[in-house]
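An overview of the molecular structure
Okay, here's what each chain looks like letter by letter:
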Amino acid sequence: MKKNLVGMAVFAVSLGCLLSLASCTKKEASAPVASEPKTLLESIKEKGEMVVGTASGYPPYEFVDIKAAGQPVIGIDMALAKAIADKIGVKLTISDMTFGALLSSIPANKIDVAIAGIAPTEERKKTVDFTDHYIDAEQRILIRKTDAEKLSKLSDFYGRKIGAQKSTTQEALAKAEIKDAEIVALDKVPECILELLSGKIDGIVVESVVAQQYVLSNPTLTFSTAEFENRYKATACALAKGNEDFLKLMNDVIAEKKADGSFAKWIQEYSQKAVDNAK
């Protein structure tokens, strides 16, 4: 009798273990398999939209077309953004913000890419990736024409009030090469222009491609003949790190548009459009 009871107990324990093991095996088999996170390009394709961050007020790169219905942001950079969106086959949405907010909006996932005349500096490369260069431009100092003789070399600007767009390579260049200058950093170039015209500052450090619009539309302004040591600036698009497929696609578009002359055409087209808007 005792032997039967012991046998039954052993059987019960064994059966419990087998049922428990079967239950665990079933749970493990039905557990969902973790999927690979989507790349940025895959996410853009899935939502059918590419959100581009920019900072208007920087013609001919990006500016508000005040004469068009809805006053859209247009320019060289927006033409490039449209070409990239078309290559992917998605809608382009433009998010206009201050230049200083652009790069921080990328890791915060507020935008997919920043296209705003951005220079790919070593400091910026620590937080974002950059495409190939699509425009290389010279940095100049815009002044009042009446000051052309007295402000002809860089040393003439030492200790003076100098304007620049906030958080840009132009602001950094002014700080680095104009000794003892009082830098007046503002959110947009047009704000700097108003300060210059009113005599509150002596010059503006600005990209030549951008400044020529104001020279054409305002006969009281001109370029100083002063030259910076580090006066050439490359321009590229910025995106979140680790998106090689999206980076390659954008580089392919940039190469195509360089080869077919689109950038030269866009510079001319939007430079004239900016002048017309200023009239």
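Just so we're clear, the structure is a prediction, and the values are computed from it rather than from any experiment.

Tracing the chain through its elements places T168 in the loop between β8 (161–165) and α5 (169–177). Classification of T168 by relative accessible area gives buried; the value is 5%.

The next thing to look at is the pairing of strand β12 (residues 232–239). Look at any regular strand and the pattern is simple: side chains alternate between the two faces of the sheet. Among the 8 residues in β12, 7 count as buried, and that is most of the element. The sheet contact formed by strand β5 (residues 113–118) and β12 spans 3 bridges and is antiparallel. Residue V113 lies in a different strand from β12, and its bridge partner there is L239. Strand direction decides the pairing type here: strand β6 (residues 129–130) and β12, joined by 2 bridges, are antiparallel. Pairing of D129 across the sheet is with L239, part of β12. With 4 bridges joining them, strand β7 (residues 135–144) and β12 adopt antiparallel strand pairing. Note that in β12 the partner of A137 across the bridge is K233.

Further remarks concern empty space enclosed by the protein. Applying the stated criterion across every chain, the model contains 2 cavities of 30 Å³ or more. Volume-wise, the largest cavity comes out at about 50 Å³. Around the largest cavity, the lining residues are Y58, F99, A116, G117, I118, A119, R124, Q165, T168, T169, Q170 and K233. With 3 residues, the top contributor of residues to the lining of the largest cavity is β5. Counted as a void, the second largest cavity has a volume near 40 Å³. Every residue lining the second largest cavity is listed: Y58, A164, Q165, Q170, V189, C192, I204, V205 and V206.

On to the pattern of salt bridges, then. As enumerated under the stated definition, the model contains 21 salt bridges in all. With its nearest N and O atoms 3.4 Å apart, the salt bridge here joins R231 to E138. With a gap of 93 residues between them, R231 in the loop between β11 (221–223) and β12 and E138 in strand β7 connect regions that are remote in the sequence.

What follows is about the packing of aromatic side chains. Taken as a whole and judged by the stated rule, the model has 3 aromatic pairs. Ring centres 5.5 Å apart and planes at 20° place the aromatic pair Y58 and Y61 in the stacked group. Y61 carries the same exposure label as Y58, and that label is buried. A centroid spacing of 5.2 Å and a plane angle of 80° characterise the contact between F263 and W266, whose relative ring orientation is edge-to-face. Remark: W266 and F263 occur in helix α9 (residues 262–278); sequence separation between them is 3 residues, near one turn of the helix. You can call F263 buried: its relative accessible area is 6%. Pairwise contacts between aromatic rings join Y134, F263 and W266 into one cluster. One residue, R140, lies across the ring of F223, its end atom 4.4 Å from the ring centre.

Bringing α5 into the picture now. Taken residue by residue, α5 has T169, Q170, E171, L173, A174 and E177 as its buried positions. At its buried positions, α5 is contacted by β7, β8, β9 (182–186), β10 (203–207) and β12.

This part takes up the confidence of the model for the chain. Regions with low pLDDT carry predicted coordinates that are not meant to be interpreted in detail. Mean pLDDT for the chain: 89, with 87% of residues reaching 70 or above. Within the model, the stretch residues 5–13 combines pLDDT values under 50 with 0 contacts to residues more than four positions away or in other chains. Across residues 21–29, where pLDDT falls below 50, the model places 0 contacts with residues more than four positions away in sequence or in other chains.

Calculation rules
Every residue gets a number counted from 1 within its own chain, in the order that chain's sequence is written. Note on the predicted model: pLDDT of at least 70 is required for a residue's local features to be given, and 80 or more for side-chain atom pairs to be given and counted; whole-chain, interface and lining totals, by contrast, use all residues. Computation of side-chain values: all heavy atoms of the structure, hydrogens and water removed. Strands here are runs of E lasting at least two residues and helices are runs of H or I lasting at least four, both read from the DSSP assignment and numbered beginning at the N terminus. Each residue is placed in one exposure class: buried if its accessible area under a 1.4 Å probe, protein chains only, is under 20% of its type's maximum, exposed if it is over 50%, and partly exposed if it falls in between. Here, a strand pair is defined by DSSP locating no fewer than two bridges between the strands. Both site types are read off a 1 Å grid over the protein atoms alone. A 1.4 Å probe that fits but cannot get out defines a cavity, while an open set with protein on both sides within 12 Å along at least five of seven lines defines a pocket; lining residues have an atom within 4 Å of a point. Grid points are joined across faces, edges and corners, and a volume is the space filled by probe spheres set on the points. We define a salt bridge as a contact between a side-chain nitrogen of Lys or Arg and a carboxyl oxygen of Asp or Glu at a distance within 4 Å. Note on ring pairs: Phe, Tyr and Trp rings are taken, using the six-membered ring of Trp, and paired if centres are within 6.5 Å. Classes follow the plane angle, with under 30 degrees stacked, over 60 edge-to-face and the rest tilted. We count a charge as sitting over a ring when the NZ of a lysine or the CZ of an arginine lies within 6 Å of the ring centre and within 35 degrees of the ring normal. Residue contacts follow a heavy-atom distance rule, with two residues in contact if any of their heavy atoms lie within 4.5 Å. Confidence of the prediction at every residue is given by pLDDT, a number between 0 and 100.

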